[in-house]
Amino acid sequence: MTLPILDRSRIVATPEWSRWLIPPAALSIHLAIGSAYAWSVFKNAISQPDALGLSGTVTAIPFQLAIVMLGLSAAIFGTRVEKNGPRWAMAVSLVFFVSGLLISALGMALGQFWLVIFGYGFVGGIGLGIGYISPVSTLMKWFPDRPGMATGIAIMGFGGGALIASPLTSQLMVNFGGFTDGSIAKTFLTLGVGYAVFMALGVALIRVPAEGWTPAGWTPPASSAMISTHNVSAANAVKTPQFWLLWVVLCFNVTAGIGILERGSGIYQDFFPDATSPESLAAAAAGFVAFLSLTNMIGRFVWSSVSDAVGRKNIYRMYLGVGALLYLYIALFTNTNKILFMVSALLILSFYGAGFATVPAYLKDLFGTYQVGAIHGRLLTAWSVAGVLGPLIVNAIADAGEPGNTARYLPAFYVMIGLLVVGFLANEAIKPVASKFHESDHSDSASTTGAKA
């Protein structure tokens, strides 16, 4: 049962409503749930002796589980979002995500890490998935003339969440007394209350376009080699090789980026341990994580907007091919040049974020607008796998090496290069969808109605 205020019929935009009011609503949700990318700050704090003193592999579990639940909840609840609309989805996301932070606060206060895993990973992860898919598809409906830019706007906020959350989380811990169970618990609690207020703004602001609405003066483009005017249902999409090739592309691109991002604070401290004190080193590492988040965020908007001009397949060639070369540079030269290391890492994270932002438009090109949101939800299971695979590869290999030695990361970096090459080849194999999968009996209006997930 849905509360009347959350019903789809209550948020249909009036004719004078400006579509440029929708991006702030999407950003309020994605900036909040995107704070999950700042987990490495929590991870580093929880691993300290004055806190729980757990290993890097163990402290990665909440983040890994959150990403798994993101993909699963997006796939499972995509049709429910389709039925109930984006305001319902945003409200449910708020409840689950904030509850996850509050449960994590309780877990740290009691010294029970399993509560952090359950709260941040399982409960909060459900909020991530439901909140993630709704503004993406909603913005695509408001901006059919610029789908790459639209999805870039939506997903930019998710990538930029740690830009705010990383320094904020670090500063809150310092203000509450340092890296102790109690200070970490208070930080979780403070963030939960703050994000609840922030996300509520998006719930209040979101609107959907009226049936049949299109931007003034816009005419749907004709089909091309990789942009189809035909539609494919979600049930048929998963039967196509294109879906699974794109699944591999997304999974391996995400694995390569998330491995650095999840351990960003630790990697920086191992590569550049020349700060004057542990506190200043931790602050510099938090700043590095914030910069990773910044390029993650900017890349989502810039590169996905570029894809509208150069095409989705070409832009993924850059994400995967150039990304592999940048990883190769880091593996060969490690920390010999701090500036080039930073540039390489930041570009890798920009491609990582852009891969998320570009994939909904890639799906739209291949499968049409009918049920594109539901297809997107199913594809995000690739993120669930990558959320486990990336941190597992980096943490398992790094934890087996000598702390402070940059060489302990090299095997993981070479694995990432291999995955990116495989993703590059999968992208090259993507061709237009065969006509036997097309939904020939669906009109354009039906397509618009169906793509609500």
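Procedures and definitions
Residues numbered from 1 in each chain as written. Predicted model: local features only at pLDDT ≥ 70, side-chain atom pairs only at ≥ 80, totals over all residues. Heavy atoms only, no water. UniProt positions renumbered as here; feature names shortened; annotations may be inferred. Helix = DSSP H or I, 4+ residues; strand = E, 2+ residues; numbered from the N terminus. Rg over C-alpha atoms; globule rule 2.2 N^0.38 Å. Buried < 20%, exposed > 50% of the residue type's maximum accessible area, 1.4 Å probe, protein only. Contact = heavy atoms within 4.5 Å. Areas by Shrake-Rupley, 256 points an atom, 1.4 Å probe, with all protein chains shown as cover. Lys, Arg positive; Asp, Glu negative; His and termini not counted. Charge placed at Lys NZ, Arg CZ, Asp CG, Glu CD. Core = buried A, V, L, I, M, F, W, Y, C linked by side-chain atoms within 4.5 Å. Salt bridge = Lys/Arg side-chain N within 4 Å of Asp/Glu carboxyl O.

An unreviewed UniProt entry lists the protein under the name OFA family MFS transporter, with Rhodococcoides yunnanense as the source organism. The Subcellular location (unreviewed entry) comment attached to the protein in UniProt states, word for word, "Cell membrane".

Undergrad: Honestly, the overall build of the protein in this entry has me stumped. Any pointers?
TA: Of regular secondary structure, the protein possesses 18 helices and 0 strands. Taking 2.2 N^0.38 as the reference for a compact globule, 453 residues should give roughly 22 Å; the C-alpha atoms of the protein span a radius of gyration of 21 Å, in line with that estimate. By principal-axis analysis of the C-alpha atoms, the protein measures approximately 65 × 50 × 35 Å. Burial analysis of the protein (453 residues in total) assigns 58% to the buried set. Expressed as a percentage of contacts within the protein between residues at least 6 apart in sequence, the contacts between residues at least 24 apart total 84%. For the protein, the computed accessible surface area is about 16500 Å², with 69% contributed by carbon and sulfur atoms. Positive and negative side-chain charges of the protein, numbering 24 and 19 respectively, have mean locations separated by a distance of 7 Å.

Undergrad: In this structure, what is going on with the side chain of arginine 87? I would like to understand it.
TA: Structurally, arginine 87 is set in helix α5 (residues 86–110). In this structure arginine 87 touches Ile5, Leu6, Ile11, Val203, Ala204, Ile206 and Arg207, once residues within four positions along its chain are discounted.

Undergrad: Sorry if this is basic, but what is going on with the environment of isoleucine 348 here?
TA: Mapped onto the elements, isoleucine 348 comes out in helix α14 (residues 338–367). Expressed as a C-alpha distance, the spacing of isoleucine 348 and asparagine 175, which sit 173 residues apart in the sequence, is 33 Å. Residues in contact with isoleucine 348, not counting those within four places in the same chain, are Ile260, Gly323, Leu326, Tyr327 and Ile330.

Undergrad: What is the right way to read the nonpolar core from this model?
TA: Most often, soluble globular proteins have nonpolar side chains that are buried together. Grouped together as the largest cluster of nonpolar side chains are 138 residues, with contacts concentrated most on Phe188 and Trp383. For tryptophan 383, the contacting residues outside a window of four places in its chain are Tyr37, Ile67, Leu70, Tyr132, Phe158, Val254, Ile258, Tyr352 and Phe356.

Undergrad: What am I meant to see in the pattern of salt bridges here?
TA: Two side chains carrying opposite charge are able to pair once their charged atoms lie near each other. Taken as a whole and assessed by the stated rule, the structure comprises 6 salt bridges. Arginine 146 is the partner of aspartate 145 in a salt bridge, and the nearest nitrogen-oxygen pair spans 3.8 Å. According to the relative accessible area criterion, aspartate 145 is partly exposed, its value standing at 26%. In the salt-bridge network here, residues are joined through shared partners; they are Arg19, Asp145 and Arg146.

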